[in-house]
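# Working through the structure, step by step
Residue strings, one per chain:
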Amino acid sequence: QAQLVESGGGLVQAGGSLRLSCAASGRTFSGYGIGWFRQTPGKEREFVAVISWISGITLYGDSVKGRFTISRDNAKNTVYLEMNSLKPEDTAVYYCACGRKGGSSSNTYDYWGQGTQVTVSS
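First, a word on what this report is: a plain description of the structure on this page. (Residues numbered from 1 in each chain as written. Predicted model: local features only at pLDDT ≥ 70, side-chain atom pairs only at ≥ 80, totals over all residues. Heavy atoms only, no water.)

### Points about the pattern of salt bridges
The condition that has to hold: Any Lys or Arg side-chain nitrogen found within 4 Å of a carboxyl oxygen on Asp or Glu counts as a salt bridge. Each residue's exposure class comes from its accessible area (1.4 Å probe, protein chains only) as a fraction of the maximum for that residue type: buried when under 20%, exposed when over 50%, partly exposed otherwise. Strands are runs of DSSP state E lasting at least two residues, helices are runs of H or I lasting at least four, and both sets are numbered from the N terminus onward.
Tallied over the full model, the rule gives 4 salt bridges. For Arg 38, the salt bridge goes to Glu 46, with nearest N and O atoms at 2.8 Å. Judged by its relative accessible area of 5%, Arg 38 falls in the buried class. The partner of Arg 38 in a salt bridge is Asp 90, and the shortest N-O contact between them spans 2.9 Å. On the criterion of sequence distance, the pair formed by Arg 38 in strand 4 (residues 33–39) and Asp 90 in the loop between strand 8 (78–83) and strand 9 (92–99) is long-range, its members being 52 residues apart. What you see here is one network of salt bridges that share partners, running through Arg 38, Glu 46, Arg 67 and Asp 90.

### Quick look at the packing of aromatic side chains
Selection rule: Pairing of aromatic rings covers Phe, Tyr and Trp, the last through its six-membered ring, and needs centres within 6.5 Å; plane angles under 30 degrees mean stacked, over 60 mean edge-to-face, and all others mean tilted. Lysine and arginine charges are scored as sitting over a ring when NZ or CZ, respectively, is within 6 Å of the ring centre and within 35 degrees of the ring normal.
Counted according to the given criterion, the structure contains 5 aromatic pairs. On the basis of an interplanar angle of 70 degrees and a centroid distance of 5.6 Å, the ring pair of Phe 37 and Phe 47 is categorised as edge-to-face. Here the residue Phe 37 occupies a position in strand 4, and Phe 47 occupies one in strand 5 (residues 46–52), the gap between them amounting to 10 residues. Judged by its relative accessible area of 1%, Phe 37 is buried. Ring geometry for Phe 37 versus Trp 112: centroids 5.2 Å apart, planes at 55 degrees, classification tilted. Separated by 75 residues along the polypeptide, Phe 37 in strand 4 and Trp 112 in strand 10 (residues 111–112) bring together distant segments of the chain. Put simply, the rings of Phe 37, Phe 47, Tyr 109 and Trp 112 touch in pairs and so form one group of aromatic residues. Above the face of the Trp 112 ring, Arg 45 is positioned so that its terminal group lies 4.3 Å from the ring centre.

### Here's the deal with the side chain of Thr 78
Let me state the cut-off plainly: In protein, a polar contact requires one atom able to donate a hydrogen and another able to accept it; more generally it is a pair of N or O atoms within 3.5 Å, and residues adjacent in sequence count only if both atoms are side-chain atoms. Contacts are residue-level and defined by heavy atoms, with any inter-residue pair within 4.5 Å sufficient.
As for its placement among the helices and strands, Thr 78 is situated in strand 8. Judged by relative accessible area, Thr 78 falls into the buried class, the value being 7%. Within polar-contact distance, the side chain of Thr 78 engages the backbone oxygen of Lys 76 at 2.8 Å. If we skip the residues at most four places from it in the chain, Thr 78 touches Ser 21, Cys 22, Ala 23, Phe 29, Trp 53, Ser 71, Arg 72 and Asp 73.

### Structural notes on the pairing of strand 8
Rules: Two strands pair under a simple rule: DSSP has to find at least two bridges between them.
Judged by how many residues are buried, strand 8 sits mostly within the fold: 5 of 6 residues are covered. The sheet contact formed by strand 7 (residues 68–73) and strand 8 spans 6 bridges and is antiparallel. Bridge pairing in strand 8 links Ile 70 to Leu 81. Between strand 7 and strand 8, which pair antiparallel and follow one another directly, the connecting turn spans 4 residues, one of which, Asn 77, has a positive phi of 50 degrees.

### A word on the side chain of Asn 77
Note on placement: Asn 77 falls in the loop between strand 7 and strand 8. The class of Asn 77 is buried, set by a relative accessible area of 13%. Within the structure, Asn 77 has its side chain in polar contact with the backbone nitrogen of Phe 29 (distance 3.1 Å). Apart from the residues lying within four places of it in its own chain, the contact partners of Asn 77 are Cys 22, Ala 23, Ala 24, Arg 27, Thr 28, Phe 29 and Trp 53.

Quick look at the structure:
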């Protein structure tokens, strides 16, 4: 248990939008930072966004600023990643993660979801 489950990935044309969800089971997000990362096979994991569950403070990677929005729903114990104006270079497997000291570095996270594929085509 204590797993993170991502959903919402899929195929979309450039300029389109998708919303990813990350739901926690077995525990709440309270006291944690919840982040989104993405990874393409053969490449390093890239930071996308993070939100503090308590404060709501957010941080975004430079490549997605102004296009992606991370948010939380306290009642549903769920974190969302709204992705707008998608580009082909956004294609990757997207992972959500949870950590006491969640930040822009992957080593600040303790728990990881299974990932969901996002593919953007022209």
